[in-house]
Amino acid sequence: MKPAKTLCPYCGVGCGLEVLPPARPGRPVNRDGEGNPIWQARGDRDHPSSKGKVCVKGATVGESLDRDRLKYPMLRESLDQPFKQVTWETAFSRIVQEIQQVRAERGPEAICMYGSGQFQTEDYYVAQKLLKGCLGTNNFDANSRLCMASAVAGYIKSFGSDGPPPCYDDLEKTDCAFLIGTNTADCHPIIFNRLRKYHKKNKRKVKLIVVDPRRTDTAKEADLHLAIRPGSDVALLNGIAHLLLQRGRLDAALIDDCTTGFSDYAELVQHYPPERTAEICDISVQELETAADWWGQSKHVLSLWSMGMNQSIDGTAKVCSLINLHLMTGNIGKPGAGPFSLTGQPNAMGGREAGGLCHILPGYRVIKNAKHRRAIEQGWQLPEGSIAPQPGLAAWDMMLALERGEVGLFWVAATNPAVSMPDIERTKAALSRSPFTICQDAYYPTETAAYAHLLLPAAQWGEKTGTMTNSERVVTLCPAFRQPPGEAKADWEIFAEVGRRLGFGPQFDFQDAAQVYREFVSLTAGQLCDMTGLSHDQLAKGPVQWPYPATTCAETAADKFDKRLYTDLRFATEDGRARFHPFHAKGLAEPPDPSYPFVLTTGRLYGHWHTQTRTGRIEKTAEMHPHPVLEINPRDAQKLKIQSEEWVEVRSRRGYARLPVLVTQNIARGTVFMPMHWGFLWANQAEVNALTHPEVCPMSLQPELKACAVQLTAIQKPEDADESQTVPHTLPNLQTVNAP
Ligand SMILES: Nc1nc2c(c(=O)[nH]1)N[C@H]1C(S)=C(S)[C@@H](COP(=O)(O)OP(=O)(O)OC[C@H]3O[C@@H](n4cnc5c(=O)[nH]c(N)nc54)[C@H](O)[C@@H]3O)O[C@H]1N2
Ligand SMILES: Nc1nc2c(c(=O)[nH]1)N[C@H]1C(S)=C(S)[C@@H](COP(=O)(O)OP(=O)(O)OC[C@H]3O[C@@H](n4cnc5c(=O)[nH]c(N)nc54)[C@H](O)[C@@H]3O)O[C@H]1N2
Ligand code: SF4
Ligand SMILES: [Mo]
């Protein structure tokens, strides 16, 4: 049997996979891996973005497909009751009844949907049509708000549109890779392997700079590692600009012809002389000068970034400050150069294209623009004014609205906010206030299910057909290659059925996902992300990079995986010029002080994916990181008189966590690191977000999940400590009756 070609459902690198079905019991495994007892994934050599490479997560994903799946709709009237299995008919009529009642009694703003970068584009698109078009509320936001929102805001401010300009081939065309706030080695491993190989081969001519308070596996490969103080990125970037300006390393022609705002920026960076900058960032003047020299002397600077930049109250300011450097030195629109945000989730890019945040609309349009709203209303055959003119509630604002009792129906799909939101005790209290919560997930139990009234079983990756876009704008068709378990349905089908039952028959008259996609791409015509030339049929022949307008001819498509945006230096602003946006550094929302003397930073481990709904259930990845540990510098550990494997209690102003420590030089003094992967089902009292605060970047509304102030106390190992947890805990309010 031929393997199914698809995309890895984990990170935004978007590696191509080939998936082989399990054999009937007793059949031997052959050389191609056929006959394995489970679904087996391997790298797809034909995929242009990954050329056959995969990391441990992609390679083991098949093992998670049949473990602890949610198979039937389940309902309960209150959170202290057990769930009872119900039919889809009951589930749909209940949803429709709840929506109609909330709309009539409180208006559409009392309805919220919280979705995910793990949706396929078709799921995203149908959800936008339902909420923003038909129900008349822009209260659709996604976990991308916790992830890519600052990158989106920065691109729009600087270039006039979202969209990462470079492509992966630039990894092998750069002479200076500037990695800031990204642990690429663990979180985007296939991109990092490519860069590492190229860097090793070209040690003399290619520089690798890594900016991260931790000495991560990424930083260990760097020629220069700037272990800056958490939150000091804007100062660093302005300080580099100061030196570049002083040394005359400018692209004057590009600045004059293609940008505006340079003189204000040049004035601002005067406030960042080397001594001051080095002090703010806690690095040496020499390190700063080396970074500026390497950037200035390189002809092709490629910057890569992810959460160390985005998850900050300075998130958008950090992104704009980085783009300023690119504009000033002409590192944009050419091979080996450009600002490249590494997308977190497999289809956060598709989500942005489909309008999957509370301030945007399909085709990289924005809610606030009346022309944009009108274009989408026409596309959706809805009367003028159907789409509300103001953005809806962003992720954290939904929690605040729940807290205030302003939400009548909360619908969560493909995300696990009871683990991943900041200030988790406050989040849980807010979720408990929801009169009716729908949780649409592929697995059971999850932490968020504990706060739901209705559980809807979702067909996941491999069980529904749809598309996903990776970080370099390559769109891959992900076909269904197996049956969904039980009665699980594709997310978009669930949304469409609700739409039809609410009386929007013509709007949701979709026969299949290909038809949904056709309609979506038609709404990208003339936009930066024009993909009107794409269809499921065409994508069945192989992945395609956008822009891909219907007029694209076969010849131009030949080199289609080496395309950059803005090669003509005309940007997506009204006047075609990019903008310099000068920002001063604000620093951290909650800096350390004598009571809470450490900065806690948080993030990921190589083998786990987010809240472990898959990787916690796969032996290999679960065994790689059996329990959470807190990383701490040897000098801090000495002061606290603790050694590796001994326990600490970490306390912030909001809550606490208890876990063993790992004493390591890989983290600077005064900073500690805790992984994000353990919610309350997978460890006792070791939730990182019990500690984090919900302050957001005022422009992107992305929370500062990367830093809060904590205190540490050495404790005895608790009696109920989980040494190693490979099955989720059972909890009283996650019981079921009559579920098979
Ligand atoms: N293995 C694995 N890979 C993943 C994921 C996963 O769950 N597991 N998730 C995917 C998703 S959705 C995302 S968003 C990406 C995230 O990918 P990354 O952003 O690379 O991962 P993180 O570990 O969240 O954080 C990156 C780094 O930011 C640093 N940092 C903290 N504060 C600062 C600061 O103020 N300035 C700077 N410059 N750096 C700082 C941290 O020390 C950390 O090493 O990973 C994707 N890939
Ligand atoms: N402290 C701290 N907190 C963080 C972060 C951090 O760095 N530090 N990072 C933030 C970031 S960048 C992110 S992206 C978030 C991630 O946080 P979450 O989105 O909460 O994490 P996941 O575990 O990926 O949740 C995805 C859920 O969708 C389900 N699922 C998978 N496929 C499908 C499908 O096709 N349909 C449906 N309906 N369900 C499906 C999975 O079973 C899982 O329950 O966490 C954020 N929170
Ligand atoms: S690098 Fe990302 S996309 Fe590639 S196999 Fe690993 S998790 Fe999947
Ligand atoms: Mo993310």
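Conventions adopted
Note on numbering: residues in each chain are counted from 1, in written sequence order. Chain A is the first chain written and ligand 1 is the first ligand written, with later ones labelled in order. Local features in a predicted model are, by the rule used here, given only for residues with pLDDT of at least 70; side-chain atom pairs are given and counted only at 80 or more, and totals for whole chains, interfaces and linings are based on all residues. The basis for every side-chain value is the complete set of heavy atoms in the structure, and neither hydrogens nor water enter the calculation. UniProt positions are given in the numbering used here, feature names are shortened, and annotations may be inferred rather than shown by experiment. Pairs of strands are assigned from DSSP output, requiring at least two bridges between the strands. Note on conventions: DSSP H or I runs of at least 4 residues are helices, E runs of at least 2 residues are strands, and numbering of each starts at the N terminus. Proximity criterion: a residue is near a molecule or strand once any of its heavy atoms comes within 4 Å of it. Nonpolar residues are Ala, Val, Leu, Ile, Met, Phe, Trp, Tyr, Cys and Pro. Charged residues are Asp, Glu, Lys and Arg, and all others, Gly as well, are polar. Distance and chemistry together define a polar contact, namely a pair of N or O atoms within 3.5 Å, with one atom able to donate a hydrogen and the other to accept it when in protein, and with adjacent residues in sequence counting only for side-chain atoms on both sides. For the area figures, the Shrake-Rupley method with a 1.4 Å probe applies, and any residue is considered shielded solely by the protein chains shown. All domain edges in this entry derive from an automatic or database-based domain assignment. A side-chain nitrogen of Lys or Arg and a carboxyl oxygen of Asp or Glu constitute a salt bridge if their distance falls within 4 Å. Note on classification: 1.4 Å probe, protein chains only; a residue is buried when its accessible area is under 20% of the maximum for its type, exposed when over 50%, partly exposed between these limits. Each Phe, Tyr or Trp ring (for Trp, its six-membered ring) is paired with any other whose centre lies within 6.5 Å, and the angle between the two planes then decides the class: stacked below 30 degrees, edge-to-face above 60, tilted in between. Think of it as a cone above the ring: NZ of Lys or CZ of Arg counts as a charge over the ring if it is within 6 Å of the ring centre and within 35 degrees of the ring normal.

Looking at an unreviewed UniProt entry, one finds the chain named Nitrate reductase, with Vasconcelosia minhoensis LEGE 07310 as its source organism. The chain has a UniProt comment under Sequence similarities (unreviewed entry) that states "Belongs to the prokaryotic molybdopterin-containing oxidoreductase family. NasA/NapA/NarB subfamily."

Asks: I tried to follow the sheet that holds strand E21 (residues 544–545) on my own but got confused; where do I start?
Replies: What links the strands of a sheet is backbone hydrogen bonding, and the strands pair in either a parallel or an antiparallel sense. One open sheet accounts for three strands, arranged E19-E20-E21; its pairing is antiparallel. In this open sheet, the two edge strands, each paired with only one partner strand, are strand E19 (466–469) and E21. Examined bridge by bridge, strand E20 (residues 474–478) and E21 share two bridges and lie antiparallel to one another. From the neighbouring strand, Val475 faces E21, where its bridge partner is Val544.

Asks: Hey, could you run me through the site of ligand 3 in this one?
Replies: With respect to spatial proximity, the complete set of residues near ligand 3 consists of Cys8, Tyr10, Cys11, Gly14, Cys15, Val54, Cys55, Lys57, Gly58, Pro189 and Ile190. Here the residues of the shell around ligand 3 are counted per class, giving eight nonpolar, two polar and one charged.

Asks: Explain the site of ligand 2 here, please?
Replies: Neighbouring ligand 2 are 32 residues; Asn143, Ser420, Asp441, Thr611 and Asn689 lie closest to it. One nitrogen or oxygen atom from the side chain of Lys706 is found 3.0 Å from an oxygen atom belonging to ligand 2. For ligand 2, whose accessible area on its own is 930 Å², the fraction buried by protein is 99%. Counted by class, the shell around ligand 2 contains twelve nonpolar, 14 polar and six charged residues. The two domains that each donate at least three residues to the shell around ligand 2 are domain 2 (74–147 + 346–504) and domain 4 (598–715).

Asks: Is there a simple way to explain the pattern of salt bridges in this structure?
Replies: Charged atoms that come close allow side chains of opposite charge to pair. Tallying each qualifying case throughout the model produces 42 salt bridges. When the shortest N-O distance is used, the salt bridge between Glu77 and Arg94 registers 2.9 Å. A residue pair is termed long-range when its members are at least 10 positions apart, and Glu77 in the loop between strand E4 (74–75) and strand E5 (83–85) and Arg94 in helix H2 (residues 88–106) qualify at 17 residues. For Glu77, a relative accessible area of 48% puts it in the partly exposed group. We classify Arg94 as buried; its relative accessible area is 14%.

Asks: In this structure, what is going on with the pairing of strand E13 (residues 338–341)? I would like to understand it.
Replies: A two-sided burial pattern is seen for E13, the buried positions comprising Gly338 and Phe340 on one face and Pro339 and Ser341 on the other. Both strand E12 (residues 301–305) and E13 contribute to a ladder of four bridges, which runs parallel. The residue bridging Leu304 from the neighbouring strand is Phe340, located in E13.

Asks: Whenever I open this one, the packing of aromatic side chains confuses me. Can you help?
Replies: For any pair of aromatic rings, geometry is given as the distance between the ring centres together with the angle between the planes. Within this structure, the stated rule accounts for 24 aromatic pairs. Judged by centre distance (5.4 Å) and plane angle (55 degrees), the ring pair of Tyr10 and Trp609 falls under tilted. Here Tyr10, found in the loop between strand E1 (4–7) and strand E2 (16–20), pairs with Trp609, found in the loop between strand E23 (598–603) and helix H23 (619–624); they are 599 residues apart in sequence, far enough to count as distant. One exposure class covers both Tyr10 and Trp609, and it is buried. What links up through ring pairs into an aromatic cluster is the set Phe119, Tyr124, Phe140, Trp411 and Phe495. In this arrangement the basic side chain of Lys129 is found over the ring face of Phe508, its NZ or CZ atom lying 5.7 Å from the centre. Sitting over the ring of Trp294, Lys207 keeps its end group 4.8 Å from the ring centre.

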